[in-house]
Amino acid sequence: MSHLSPAHRAAAGLHADPSLSRSFAATQAAWRFYGNAGVTLPQLAGPLMECARADVADACDQRLLVPLDWSNLHYGAHHAKTNRIKLAHFQDLGYELLTALAVSDRDGSPIAPLCLDLRAADGVHSTRADAPLRSRSALDGLAPVIEHVHALTASWGKPPVFIIDREADSVGHFRKWQRSNREYLVRADNQRRVRHEGQERRLDAVATLLKRRQAFSETRSVEFQGKPAKQFIAETRVVLHRPARIHRVNKRTGKARHKNVAGEPLSLRLVVSEVRDERGNRLARWLLLTNLPASIPAATVALWYYWRWGIEVNSRDEKSVLGVGEAQVHHERSVQAVPAA
């Protein structure tokens, strides 16, 4: 209990028992704490949740940003571990970590992890449950995490916005989150087909049309790969009208099954963010789909998505502490916002 009751705010995790005056005794106590089957993952995460609850009110203005991201963990020298799972291929064994991180909507600074799910052979070890949970597909595993975070933050006064990379570009999941009144911001695939102004178009074609119409406006100075650049934003509405495509693998036969599931047309905001050099050449582009209200400007939406890359740094730091290798930090992090002069 002394470990679970930090003496001050800064001690958000484990700290030495006050009764232990020597470092060796403190180390022994910590190992007994870690190895005690009576200490659950929600108890371990309790101080972090309390830290987040105390900080969100002061750190956030309109919304609590909650980026979600997956990260593979490898223990290269630990071949004796029997609960590893197959990741990219049959020789790639390890664990999959899903992190929901609280981030400030004011400056993009990380606050605290809100949920950690580790997928292993015996199930999902989660800070939201005392015992391992049933393993699901990566996308289906998002729903319980989103609902857990939503319930956790319900009384914090800042509605959560769930920010996810292109892996979550799924119309079926968009519709489910919409029915649950969850706010989300997802990077979309260029090839996604939508209805735009009454016609079916690919998203990259919509972005090209906006550029031809000179719908972009300059929003801020940025750095791209260490060089000065400009960020331009355009916005329009699109309708996701096509059926959802569900992919499942039959556990008995190992064969993939596909099924189309029709659904109601879903109207979303498309925010196109481009980074251009001083000559106007496009260096990078992101197509962002969101159900955030129009009161949140498109430039703010693009900035919030940029801050999602902070979770990549968080994953790298987690891996460094755990000794399981470096996280792959995507090239989009080479874009850095520069405060306006």
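Residues numbered from 1 in each chain as written. Predicted model: local features only at pLDDT ≥ 70, side-chain atom pairs only at ≥ 80, totals over all residues. Heavy atoms only, no water.

## As for the pairing of strand 3 (residues 93-104)
For strand 3, the buried fraction is high: eleven of the twelve residues fall into the buried class. In this structure, strand 1 (residues 64-73) lies alongside strand 3, joined through eight bridges in antiparallel fashion. Across the sheet, Ser71 pairs through a bridge with Leu97, a residue of strand 3. As paired strands, strand 2 (residues 85-86) and strand 3 are joined by two bridges and run antiparallel to one another. Bridged to Lys86 within strand 3 is Leu93. Counted between consecutive antiparallel strands, the loop separating strand 2 from strand 3 contains six residues. Of the strand pairs in this sheet, strand 3 and strand 4 (residues 110-120) are connected by eight bridges, and their pairing is antiparallel. Residue pairing across strands places Thr99 opposite Leu116, the latter belonging to strand 4. The turn linking strand 3 back onto strand 4 is made up of five residues, and Gly108 within it adopts a positive phi angle of 80°. (Buried < 20%, exposed > 50% of the residue type's maximum accessible area, 1.4 Å probe, protein only. Helix = DSSP H or I, 4+ residues; strand = E, 2+ residues; numbered from the N terminus. Pairing = 2+ DSSP bridges.)

## Focus: helix 2 (residues 41-59)
One turn of an α-helix holds 3.6 residues; hence residues three or four places apart share an orientation. Compared with the 27 Å implied by 1.5 Å per residue over 19 residues, the 26 Å span of helix 2 between its first and last C-alpha is a close match. Along helix 2, the largest kink reaches about 35° and is centred on Pro47. Taken together, the buried positions of helix 2 are Ala45, Pro47, Met49, Cys51, Ala52, Asp55, Val56 and Ala59. Buried residues belonging to helix 2 abut strand 1, strand 3, strand 4 and helix 3 (142-152). (Expected span 1.5 Å × (residues − 1). Bend = angle between axes of the 7 residues up to and from the residue. Contact = heavy atoms within 4.5 Å.)

## Comments concerning the pattern of salt bridges
Enumeration over the complete set of coordinates arrives at 18 salt bridges. The partner of Glu274 in a salt bridge is Arg276, with the nearest N and O atoms 3.0 Å apart. The exposure class assigned to Arg276 is buried, which follows from its relative accessible area of 11%. (Salt bridge = Lys/Arg side-chain N within 4 Å of Asp/Glu carboxyl O.)

## Regarding the nonpolar core
Counting 47 residues, the largest nonpolar core has Leu64, Ile111, Leu142, Phe174, Trp177, Leu240 and Leu289 as its most contacted members. Sequence-distant contacts of Leu240, that is, excluding residues within four places in its chain, are made with Val171, Phe174, Arg175, Arg192, Val194, Glu264, Pro265, Leu266, Leu268 and Leu289. Among the nonpolar cores identified, the runner-up in size contains 24 residues, and Val103, Phe224, Ile296 and Ala298 belong to it. (Core = buried A, V, L, I, M, F, W, Y, C linked by side-chain atoms within 4.5 Å.)

## Observations regarding the confidence of the model for the chain
Confidence along the chain averages 83 in pLDDT terms, with 76% of residues attaining 70 or more. Counting interchain partners and residues more than four positions distant, the pLDDT-below-50 stretch residues 326-334 has 21 contacts. Low pLDDT, under 50, characterises residues 337-341; the stretch is placed with eight contacts to residues that sit more than four places away or in other chains. (pLDDT = per-residue confidence, 0-100.)

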